[in-house]
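# Structure assessment
Chain residues, written in single-letter form:
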Amino acid sequence: MTKTPEKQRGFTLVELVTVIIILGILATSVSEFLRYGTQSYTNATDREEIISTARFVIERLNREVRNALPNSLRVTSDNSMQCLEYVPIANSAIYLDIPVFPEVAANNIEVMMLQSLPPTATNLLSIYALNSNDIYNKTTGVIATFNNIALNPDLSLPSAITLANDTLFVSESPTNRLYLIEAPIAYCLVASSLYRYSNYAYSNENTPIFDGTNRSLMAEYLVNNINQDSELPFKTVPATLQRNGLALIRLIFSRNLERIVFNNEIQVPNVP
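Now for a look at the structure at hand.

### Here we look at the overall build of the protein
Of the regular secondary structure elements, the protein holds two helices and 14 strands. Counting across all 272 residues of the protein, residues that qualify as buried make up 38%. In the protein, of all internal contacts separated by at least 6 residues, the share reaching a separation of at least 24 is 62%. In the structure as shown, the protein presents an accessible area of about 15600 Å², 54% of it carried by carbon and sulfur atoms.

### Points about the packing of aromatic side chains
Enumeration according to the criterion identifies three aromatic pairs in this entry. The interplanar angle of 45 degrees and the centroid separation of 6.1 Å between the aromatic rings of Tyr 136 and Tyr 202 together place this pair among those described as tilted. Remark: Tyr 202 occurs in the loop between strand S10 (193-197) and strand S11 (215-219) and Tyr 136 occurs in helix H2 (residues 132-137); sequence separation between them is 66 residues. For Tyr 136, a relative accessible area of 2% gives the class buried. Seen from the ring of Tyr 136, Arg 74 lies directly overhead, with NZ or CZ sitting 3.8 Å from the centre. Lying over the aromatic face of Tyr 195, Arg 215 brings its terminal NZ or CZ to 3.8 Å of the ring centre.

### Observations concerning the state of the cysteines
Going through the model one piece at a time under the given rule, you end up with one disulfide. Across the disulfide from Cys 83 sits Cys 188; the S-S distance is 2.0 Å. Residues Cys 83 and Cys 188 are joined through a disulfide that is right-handed, its torsion about the S-S bond being 110 degrees. Taken as a pair, Cys 83 in strand S2 (residues 81-86) and Cys 188 in strand S9 (residues 185-190) lie far apart in primary sequence, 105 residues in all. Classification of Cys 83 as buried rests on a relative accessible area of 0%.

Definitions and limits used
Residues numbered from 1 in each chain as written. Predicted model: local features only at pLDDT ≥ 70, side-chain atom pairs only at ≥ 80, totals over all residues. Heavy atoms only, no water. Helix = DSSP H or I, 4+ residues; strand = E, 2+ residues; numbered from the N terminus. Buried < 20%, exposed > 50% of the residue type's maximum accessible area, 1.4 Å probe, protein only. Contact = heavy atoms within 4.5 Å. Areas by Shrake-Rupley, 256 points an atom, 1.4 Å probe, with all protein chains shown as cover. Phe/Tyr/Trp six-rings, centres within 6.5 Å; stacked < 30°, edge-to-face > 60°. Lys NZ or Arg CZ within 6 Å of the ring centre and 35° of its normal. Disulfide = S-S within 2.5 Å.

Below you can see the structure in the form of structure tokens.
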């Protein structure tokens with residue numbers, strides 16, 4: 001019986017199975033390593049997107065809310081949304097005199113220090129609004145409609161504002177401050193998205209009346225529960241004699257396995 005030369009001998013079944021098992025273990029290890037690497041990259045990307053979105057929204061809110069008409073900041077809500085609503089200031093001036101009770105109603109106001117016309121179209125002014133009802137009602141003697149501004153280029157002389165109707169204001173401002181104001185703006189959390197609404201009518205309802213056309217998507221992946229006090233996205237603290245009014249912002253983002261909470265306080269430094 002001839003003996004097979006050593007160099008011509010093949011693999012045994014045991015050796016073949018052993019190699020397959022080792023290759024399987026190596027393939028599993030490599031695939032797990034790749035999976036964890038991909039998952040880590042995905043998580044980091046989601047986290048970066050959430051942080052960028054939150055920074056943008058909070059910075060936008062800071063800039064806009066700080067320019068809100070004093071005491072116009074309010075939180076409105078229903079079962080499907082919660083909104084932070086305010087009235088932006090277009091310009092301001094110092095008035096010389098306004099008609100208040102028991103004076104006779106008039107349709108002309110002289111103002112000083114009005115250096116330029118409002119940068120946006122507006123036909124409303126406000127004098128000494130003490131609460132949001134005064135502002136959004138528009139019938140309590142602190143909001144008036146005007147037709148024209150006769151701007152005087154000489155700042156040492158008064159400019160004239162012509163009102164749409166003879167008006168009698170409720171009271172004088174302690175600082176004789178007059179604000180030219182725009183249409184309200186609201187940031188609303190609807191489901192998991194934050195929208196910015198603009199160019200809608202004044203309303204004293206608990207929730208602003210939107211037509212749904214003038215809104216912009218500001219953020220997604222929000223999981224705030226508007227029925228739970230600790231997760232409300234918006235709260236307000238009214239101004240006192242010792243401090244300014246505050247808007248408290250709490251935005252809770254969640255995407256895949258990432259959950260990030262952002263808290264922010266915004267001061268409203270203007271005074272009526």
